[in-house]
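# Tertiary structure, described
Here's the letter readout for the chains.
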There are 2 protein chains.
Amino acid sequence: MPKTNVPDVVIRRLPLYLRCLTYMAERGHKVVSSAELAKWVGVSSAQIRKDLSFFGEFGKQGWGYEVSYLRDQLQRILQADRDWFIALVGAGALGHALINYRTFERWHFHIAAVFDNDPQKVGTPLGHLLVQPMEEMRHTIQERNIQIGILAIPAEHAQQVAEQLVECGVRAILNYAPINLSLPPGIRVAHIDPVSSLQSMTFYL
Amino acid sequence: MPKTNVPDVVIRRLPLYLRCLTYMAERGHKVVSSAELAKWVGVSSAQIRKDLSFFGEFGKQGWGYEVSYLRDQLQRILQADRDWFIALVGAGALGHALINYRTFERWHFHIAAVFDNDPQKVGTPLGHLLVQPMEEMRHTIQERNIQIGILAIPAEHAQQVAEQLVECGVRAILNYAPINLSLPPGIRVAHIDPVSSLQSMTFYL
DNA sequence: GCGTGTGAAACAATTCACAGCG
DNA sequence: CGCTGTGAATTGTTTCACACGC
């Protein structure tokens, strides 16, 4: 697998292409040119061709790309053609929203366990799951083949819980807590921080 | 104001610096070097010095930066020292989580109105607000000095509602819907898409 | 002819390394 | 002496432009 030498900035664009192609395929769109796809995604056509060229030749000259074929190839590259199981930590309002976010299921991401340190919440239902105590994390993560963690907890606990998740075998973390995590190399971290997003917009207003 | 010629990638890092400095100031940390700040934020010390140099000279040689002074300067640059009023569109589970997200208030972002097109939801309380019908958008946005919109609605309505917000005078949109918005130049858009974030991590697993 | 795939060119961002100041 | 601020060097990314194949 060509996991190295492909710039991360390219990898972060592939999901956008995949999403657009999936919508197109659903609407019966058979063929697409890089220029057309570019217009939908909001990048340049040359960029799309360059990005794809890291992984192979998926188009036909003078014609374009077959939508469903390119979609399948991107799914394969991103490993979006298989199921992923997720441990959610934090059963607050955000955890509730995430459990009910149907878009995860649609893309093969399954929240397979929820943990919280609040004894009041442990044992109560959250969506289709029961909230579990933190002590059960190791066992459940291994048993349910969980490789991804989502942190939906206050910033002050995030670093410690992240380390705990890694300890239990999690290799990628989606962090909703407004704090920078420092974790061993090899552990992937993505950060969702609406305040930072808003602040970098207010600069321009 | 030097809104041009500063690369956007720099602007997107400033909120990280600001957050870290604010935490440090709260803990009584008086002075910080670029190397120390870099370690917390997870970037290089040279990068921090270069980024700051776009806006002025905030440090003392051989000594470092005064935490509270640098914090204040970043607040000013990002306009994080004033209040911002937000219109939330979508009163579902995500809208509920956002209304209850205390971190917005802490950084001077105030959700000042909630809209939904579901007649069942209109008139019901969401946090400290009542859900309003879409028809009241124009009036409320102008009345309450709202400049920012948050989209917490399904993808199929996002483009149309975004245009409506812009029509009403909103100049920045935080989009939680998994679709690319195309809006007039001058309108800022930030996109929060957990599925894309997850997919760009699963590539590496 | 049309649109892909791709080297080469242009542009952008980051790191280096050090003069200069407190 | 230590750390900032900053040109210069390096590294990374995007755009250009065109040969090639359908």
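In what follows, the accompanying structure is described. (Residues numbered from 1 in each chain as written. Chains lettered and ligands numbered in written order. Predicted model: local features only at pLDDT ≥ 70, side-chain atom pairs only at ≥ 80, totals over all residues. Heavy atoms only, no water.)

### Observations regarding the pairing of strand 9 (residues 172-175) of chain B
All names here are of chain B. Where burial is concerned, the two faces of strand 9 agree: the one with A172 and L174 and the one with I173 and N175 are both buried. Relative to strand 9, strand 8 (residues 148-151) runs parallel, the two sharing 4 bridges. Looking at the pairing, I148 lines up with A172 of strand 9. Traced from strand 8 through helix 8 (residues 155-167) to strand 9, the parallel crossover comes out right-handed. Here strand 9 pairs with strand 10 (residues 188-191) via 4 bridges, running parallel. (Buried < 20%, exposed > 50% of the residue type's maximum accessible area, 1.4 Å probe, protein only. Helix = DSSP H or I, 4+ residues; strand = E, 2+ residues; numbered from the N terminus. Pairing = 2+ DSSP bridges. Right-handed = clockwise from strand over helix to strand, strands pointing away.)

### With respect to the protein's contact with DNA strand D
Not every one of the 23 residues close to DNA strand D is listed here, only the nearest: A:R13, A:S44, B:S34, B:R49 and B:Y65. A share of 57% is what sugar and phosphate atoms reach among the atoms of DNA strand D within 4 Å of the protein. Interatomic distance of 3.3 Å between a backbone N/O atom of A:G62 and a base nitrogen of DNA strand D. One nitrogen or oxygen atom from the side chain of B:K50 is found 3.3 Å from a base oxygen belonging to DNA strand D. Put simply, the parts of the chain that give the surface near DNA strand D at least two residues each are helix 1 (8-26) and helix 3 (45-53) of chain A together with helix 3 (45-53), strand 2 (59-60) and strand 3 (64-66) of chain B. Of the residues belonging to the surface near DNA strand D, the class tally is 5 nonpolar, 11 polar and 7 charged. (Near = heavy atom within 4 Å. Polar contact = N/O pair within 3.5 Å; in protein donor to acceptor, adjacent residues only side chain to side chain. Nonpolar A, V, L, I, M, F, W, Y, C, P; charged D, E, K, R; others polar.)

### Observations regarding the relation of the copies chain A and chain B
Each copy superposes on the other: chain A lies on chain B with an RMSD of 0.0 Å after a rotation of 180° and an axial shift of 0.0 Å. Taken together, the turn and the small shift mark the pair as related by a two-fold rotation axis. Both copies present the same face, since 98% of the interface residues in chain A are matched by interface residues at the equivalent positions in chain B. (Least-squares fit on C-alpha atoms with pLDDT ≥ 70 in both. Contact = heavy atoms within 4.5 Å.)

### Section: the protein's contact with DNA strand C
In the neighbourhood of DNA strand C, 22 residues make up the surrounding shell, with A:S34, A:R49, A:Q61, A:G62 and A:Y65 lying closest. At the protein interface, 63% of the atoms of DNA strand C within 4 Å belong to sugar or phosphate. Here a sugar or linking oxygen of DNA strand C sits 3.2 Å away from a polar atom, N or O, in the main chain of A:G62. Within the side chain of B:Q47, an N or O atom sits 3.2 Å from a sugar or linking oxygen of DNA strand C. Only helix 3, strand 2 (59-60) and strand 3 (64-66) of chain A together with helix 1 (8-26) and helix 3 of chain B provide two or more residues apiece to the surface near DNA strand C. Among the residues forming the surface near DNA strand C, the class breakdown is 5 nonpolar, 10 polar and 7 charged.

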